[in-house]
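What follows is the residue order along each chain.
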Amino acid sequence: MNIYLKYTLITIFVLLFNINSFSQKLGVGVSAIYNFQTESFAPGLRVEIPYKRLSIVPQVAYYPSFNKITEYYAGLSLHLNLFYVKNWAFYGLVHGSYNGWINSTASRMENAKYSNWDGEVGVGLTTRKCLRPFIEYRYNFKWKETNLRIGVMYFFWCNSKNNKGGGGKRKHKAMHCPAYD
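Everything numeric here is computed off the predicted structure, so don't read it as measured data. (Residues numbered from 1 in each chain as written. Predicted model: local features only at pLDDT ≥ 70, side-chain atom pairs only at ≥ 80, totals over all residues. Heavy atoms only, no water.)

1. Comments concerning the sheet that holds strand β8 (residues 145–156)
In step 1: Pairing within the closed barrel is antiparallel, and its 8 strands lie in the order β1-β2-β3-β4-β5-β6-β7-β8. Between one strand axis and the next, the sheet turns by 25 degrees as a mean value, whatever way the strands run. (Pairing = 2+ DSSP bridges. Helix = DSSP H or I, 4+ residues; strand = E, 2+ residues; numbered from the N terminus. Axes fitted to C-alpha atoms, helices over the stretch in contact; angles between N-to-C directions.)

As structure tokens, then:
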């Protein structure tokens, strides 16, 4: 395994095991990714650790062999909530990742190699509930590519009382059971 990938994965695991120092909430999610330049599709997995207006988001993605380019990414994003409109949050993001370009030897590009580092910036939109659909638009500086990510996150230990991170929990009246009267 590449040394850079090992360091990236170690960093992600250290962050995940120390979430209590960052936040009492933790979100896990999946995404579908479309790269406009390579016309490629990928599934993605992510974990989100929010702290006030900032979130740390380790994530991975894999572009399978049915695409022109077969590759995987393992990286870390920082999301900053810019503003809110009712239950929606608009955020900006910066992302750094290790890229393993599996079929790089088949490329005609002069800088094509297996191991790469990438940087992205983007914007996103999500809700403020326990179950949070999201959409992101990103630009990759190295490859001069854009991609769209659509997915859903689920947040554990969210609070529905203040409507700023929770939701979905309803208060029910106690049921009366005539068999126990």
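2. Things to note about unusual backbone geometry
In step 1: Not every positive phi belongs to a glycine, and K144 is a case in point at roughly 50 degrees.
In step 2: If you trace the backbone, K144 turns up in the loop between β7 (131–140) and β8.

3. A closer look at the side chain of R46
In step 1: Relative to the elements of secondary structure, R46 occurs in strand β2 (residues 40–51).
In step 2: Overall, R46 belongs to the buried group, its relative accessible area being 4%.
In step 3: Only 2.9 Å separates the side chain of R46 from the side chain of E136, close enough to count as a polar contact.
In step 4: Among residues more than four places away in sequence, those in contact with R46 are G27, V28, G29, V57, P58, Q59, H79, F134, E136, R138, R149 and M153. (Buried < 20%, exposed > 50% of the residue type's maximum accessible area, 1.4 Å probe, protein only. Polar contact = N/O pair within 3.5 Å; in protein donor to acceptor, adjacent residues only side chain to side chain. Contact = heavy atoms within 4.5 Å.)

4. Examining the state of the cysteines
In step 1: Tallied over the full model, the rule gives 1 disulfide.
In step 2: With a sulfur-sulfur separation of 1.6 Å, C130 is cross-linked through a disulfide to C158. Between C130 and C158, the S-S dihedral sits near 85 degrees, and the bridge is therefore right-handed. One end of the pair, C130, is in the loop between β6 (115–127) and β7; the other, C158, is in the segment after β8, with 28 residues separating them in the sequence.
In step 3: Classification of C158 by relative accessible area gives buried; the value is 9%. (Disulfide = S-S within 2.5 Å.)

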